[in-house]
Amino acid sequence: MMLRRLRDAAWPVVSGCLRPLLGGLGCILTLHRVVPEGQRSALPSNRALEITPEDLRAMLQWLQRKRIEVVGLDAVPGRLRESSGGRFVSITFDDGYRDNLTLARPIFREFGAPFAVNVTNGFVAGSASVWWYLVERALGGRTSFEFAWKGERHRHATATIGERDRALDEIAGLIRSLGMPRDELLEVIAKVGGIDAGALTRELCLSWEEVRELAADPLVTIGAHTAGHHSFNRLSEAEIVAEVETARQELATRLGREVRHFAYPFGGPNAVGEREFAIVRRAGFLTMLTTRAGNLTRAHAQRLDRLPRLTISGNYPVLKALRMAESGVGAWRARRG
């Protein structure tokens, strides 16, 4: 389950890409949000998506001290083909949260470091729900949460943080299993929880004007992250093509430039495989990013449709995770996983 895996993603962070002895040239990091400590989610599944501004600054300082170059996504294929070159890392944010602009960008500017934001068009337009936060809001402030779906009653205890986190995990599994009909269930959950799903999405996510502001910054690369953030393994080929092509064409039109990079939603091994790689590859992106844990090697120059990334979890101390990665323990644990 995506949210649980993200929560437990501390050890694969950077996955040894910072140690030449492990054979890696570099790595691509996955982040989602930058949130002040006092505003972070109480639920570990969503808290995993959030690091603090202090964490981000500490990460960039650490990379600077280690003389590990931070590069944009455009540079990654060339770095994979080079016969020589120093270690590198590329930093990406998924979904398109407003804090990528307001809190992350000023910190990257301090260091002159590039980063990418992979945008889900539906979140920007308000036509899709950031449903993991919707469910969290719906569960809060009550001892139980109950809803009917397809003739079946679903009841979850929600009195404690642990109970709410388990409920979020279970409801998320149901939501992801539905494919395109997902939004019908989200309407039910929002109504029972008394949540305005559109208002929540507008609160958390970038507007089109803000996406254009980011795109105008030479440090920022805007990538596509589909139209609606569905799990591809639950979609037909035609639905995947629509999700990818609609997102790419609209982004290109909105930004007035080509969109060269793509990040699979829920990009782990259970969500994307050979079928999904082949479909997205035909769209002609320069890089296509999964969330499969791994560092980058020369072989990935021929596998740009399935580049691994390493997720930074907000549930663990960032610098401890980076040191574990440098020691090689992170890579070992990622391989075992």
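Whatever comes next refers back to the structure up there.
Below: a short report on this structure. (Residues numbered from 1 in each chain as written. Predicted model: local features only at pLDDT ≥ 70, side-chain atom pairs only at ≥ 80, totals over all residues. Heavy atoms only, no water.)

1. Comments concerning the overall build of the protein chain
So, point 1. Within the protein chain one finds 15 helices and 12 strands.
So, point 2. Here the contacts in the protein chain between residues at least 6 apart in sequence split such that 73% fall between residues at least 24 apart.
So, point 3. Surface exposure of the protein chain reaches about 13600 Å², of which carbon and sulfur atoms provide 48%. (Helix = DSSP H or I, 4+ residues; strand = E, 2+ residues; numbered from the N terminus. Contact = heavy atoms within 4.5 Å. Areas by Shrake-Rupley, 256 points an atom, 1.4 Å probe, with all protein chains shown as cover.)

2. With respect to the packing of helix H7 (residues 131-139) against helix H8 (residues 161-177)
So, point 1. Where H7 meets H8, the closest approach of the two axes is 10 Å, and the angle between their N-to-C directions is 135°. It follows from the interaxial angle that H7 and H8 lie oblique. Handedness of the H7/H8 crossing: right-handed. Only Arg164, Ala167, Leu168, Ile171, Ala172, Ile175 and Arg176 of H8 make contact with H7, whose side of the interface consists of Trp131, Trp132, Val135 and Leu139. (Axes fitted to C-alpha atoms, helices over the stretch in contact; angles between N-to-C directions. Parallel < 35°, antiparallel > 145°, perpendicular 65-115°, else oblique. Left-handed = near helix turned anticlockwise from the far one by under 90°.)

3. So, the pairing of strand E5 (residues 88-95)
So, point 1. Along E5, eight of the eight residues are buried, which leaves the element largely enclosed by surrounding structure.
So, point 2. Sheet analysis places strand E1 (residues 26-31) next to E5, joined by six bridges and oriented parallel. Residue pairing for E5: leucine 29 is matched across the bridge by isoleucine 91.
So, point 3. With two bridges connecting them, strand E4 (residues 69-70) and E5 associate as parallel partners. Pairing of glutamate 69 across the sheet is with phenylalanine 88, part of E5. (Buried < 20%, exposed > 50% of the residue type's maximum accessible area, 1.4 Å probe, protein only. Pairing = 2+ DSSP bridges.)

4. Details of unusual backbone geometry
So, point 1. In this structure, arginine 67 is a non-glycine residue whose phi angle is positive, near 55°.
So, point 2. Taking relative accessible area as the criterion, arginine 67 reaches 77% and is therefore assigned exposed.
So, point 3. Of note, the phi angle at histidine 229 is positive, near 60°, even though the residue is not glycine.
So, point 4. By the element assignment, histidine 229 lies in the loop between strand E9 (220-224) and helix H12 (237-255).
So, point 5. Take histidine 229: its relative accessible area is 5%, and that puts it in the buried class.

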